[in-house]
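Geometric and topological summary
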Amino acid sequence: MRRITLLLVLALMAVLPPSAQAAGRLRLVDMVPLLPLADGDHPDIDDLMARHWHDFYRAAGPDGFGPADLRVGRIDLNDDGDDELVLMVDAPRWRSDDGQPFVIATWRSHAWLPVGWGWADDDGIFVTDQVNGGWRTLEAGNYIMPWTKDGYQRIRKP
């Protein structure tokens, strides 16, 4: 289903007149596939989640969530040959009008380092052709997410 959605979006982008594409529209080049976390131990994921969402990850209560509530994707966003991690919380209490929260992380010094976060639907995070500082801009639901000196920044679409 994700591939069909991507193909439809890319086909629609291809029929846009050149003037519309040149007027600041980003060209989508890939979709970040987000799948349930595989069974088994994931100490690297546990470490990231405990640091980034420490009050909620593996916590009891209505806002708590665990590994079964995660969707994970890997894609190289800075063309260094190593995939970055995109990790989304897919739990009903975490849904908002903008989608579900996700974090983007890169592997540094034997751990995942968060470099941005946002909201999107599970089939709604796309990599674009725009590059800033060596990192690809993302389109995530209601947001465009370009790379800045401080990591990924969320800019609400008009």
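In short, a report on the structure. (Residues numbered from 1 in each chain as written. Predicted model: local features only at pLDDT ≥ 70, side-chain atom pairs only at ≥ 80, totals over all residues. Heavy atoms only, no water.)

**What to know about the overall build of the protein chain**
Counted only if it meets this: We count a stretch as a helix when DSSP gives it H or I for four or more residues in a row; a strand needs E for two or more, and each element gets its number in order from the N terminus. Summary of the burial criterion: residues with accessible area below 20% of their type's maximum are buried, those above 50% are exposed, and those between are partly exposed, where the area comes from a 1.4 Å probe applied to protein chains only. Contacts are residue-level and defined by heavy atoms, with any inter-residue pair within 4.5 Å sufficient. For the accessible areas, the method is Shrake-Rupley and the probe is 1.4 Å, while residue cover comes only from the protein chains on display.
On a plain count of helices and strands, the protein chain comes out with 3 helices and 12 strands. When burial is assessed residue by residue, the protein chain has 40% of its 158 residues classed as buried. Taking all contacts inside the protein chain whose residues are at least 6 apart in sequence as the whole, residues at least 24 apart take part in 45%. Total accessible area on the protein chain stands at roughly 8,900 Å², and carbon and sulfur atoms take up 54% of it.

**Examining the sheet that holds strand E4 (residues 84-89)**
For the record, the criterion: Strand pairing requires that DSSP identify at least two bridges connecting the strands. Lines fitted to C-alpha atoms define the axes here, with helix axes fitted over just the stretch in contact, and angles between the N-to-C directions of these axes take values from 0 to 180 degrees.
Spatial strand order, E2-E3-E4-E5-E6: 5 strands in an open sheet with antiparallel pairing. Each having just a single partner strand, strand E2 (35-36) and strand E6 (111-120) make up the two edges of the open sheet. Here 9 bridges tie strand E5 (residues 100-108) to E6, and the two strands are oriented antiparallel to one another. Across the sheet, residue tryptophan 107 finds its bridge partner in E6, namely tryptophan 112. Running at roughly 60° to E6, helix H3 (residues 43-52) makes contact with strand E3 (70-75), E4, E5 and E6 of the sheet.

**Considering unusual backbone geometry**
Look at aspartate 79: it is not a glycine, yet its phi comes out positive at around 55°. Here aspartate 79 lies in the loop between E3 and E4. Here the phi dihedral of histidine 110 falls at roughly 70°; this positive angle occurs in a residue that is not glycine. Within the secondary structure layout, histidine 110 lies in the loop between E5 and E6.

**Section: the packing of aromatic side chains**
What counts, and what does not: Only the six-membered ring of Trp is used, alongside the rings of Phe and Tyr, when aromatic pairs are assigned; centres must lie within 6.5 Å, and planes under 30 degrees apart are stacked while those over 60 apart are edge-to-face, with the rest tilted. Cation placement over rings: the criterion is NZ of Lys or CZ of Arg within 6 Å of the ring centroid and within 35° of the ring normal.
Using the criterion set out here, one finds 11 aromatic pairs in the structure. A centroid spacing of 5.1 Å and a plane angle of 80° characterise the contact between phenylalanine 56 and tryptophan 94, whose relative ring orientation is edge-to-face. Of this pair, phenylalanine 56 sits in the loop between H3 and E3 while tryptophan 94 is found in the loop between E4 and E5, placing the two residues 38 residues apart along the sequence. Judged by its relative accessible area of 17%, tryptophan 94 is buried. Consider the rings of phenylalanine 65 and tryptophan 94, whose centres lie 5.2 Å apart with planes at 80°: the pair is edge-to-face. One end of the pair, phenylalanine 65, is in the loop between H3 and E3; the other, tryptophan 94, is in the loop between E4 and E5, and 29 residues separate them in sequence. Like tryptophan 94, phenylalanine 65 is buried. One aromatic cluster is present, built from ring pairs that chain together Trp53, Phe56, Tyr57, Phe65 and Trp94. For arginine 154, the ring lying beneath its charged end belongs to tryptophan 117, and the centroid distance is 4.0 Å.

**So, the pairing of strand E8 (residues 135-140)**
In terms of residue burial, E8 counts as a mostly covered element, since 5 of its 6 residues are buried. Linking strand E7 (residues 125-132) to E8, which pair antiparallel, is a turn of 2 residues; within it glycine 133 sits at a positive phi near 60°. By the bridge criterion, 3 bridges tie E8 to strand E9 (residues 143-145) in an arrangement that is antiparallel. Bridge pairing links glutamate 139 to isoleucine 144 in E9. The turn linking E8 back onto E9 is made up of 2 residues, and glycine 141 within it adopts a positive phi angle of 60°.

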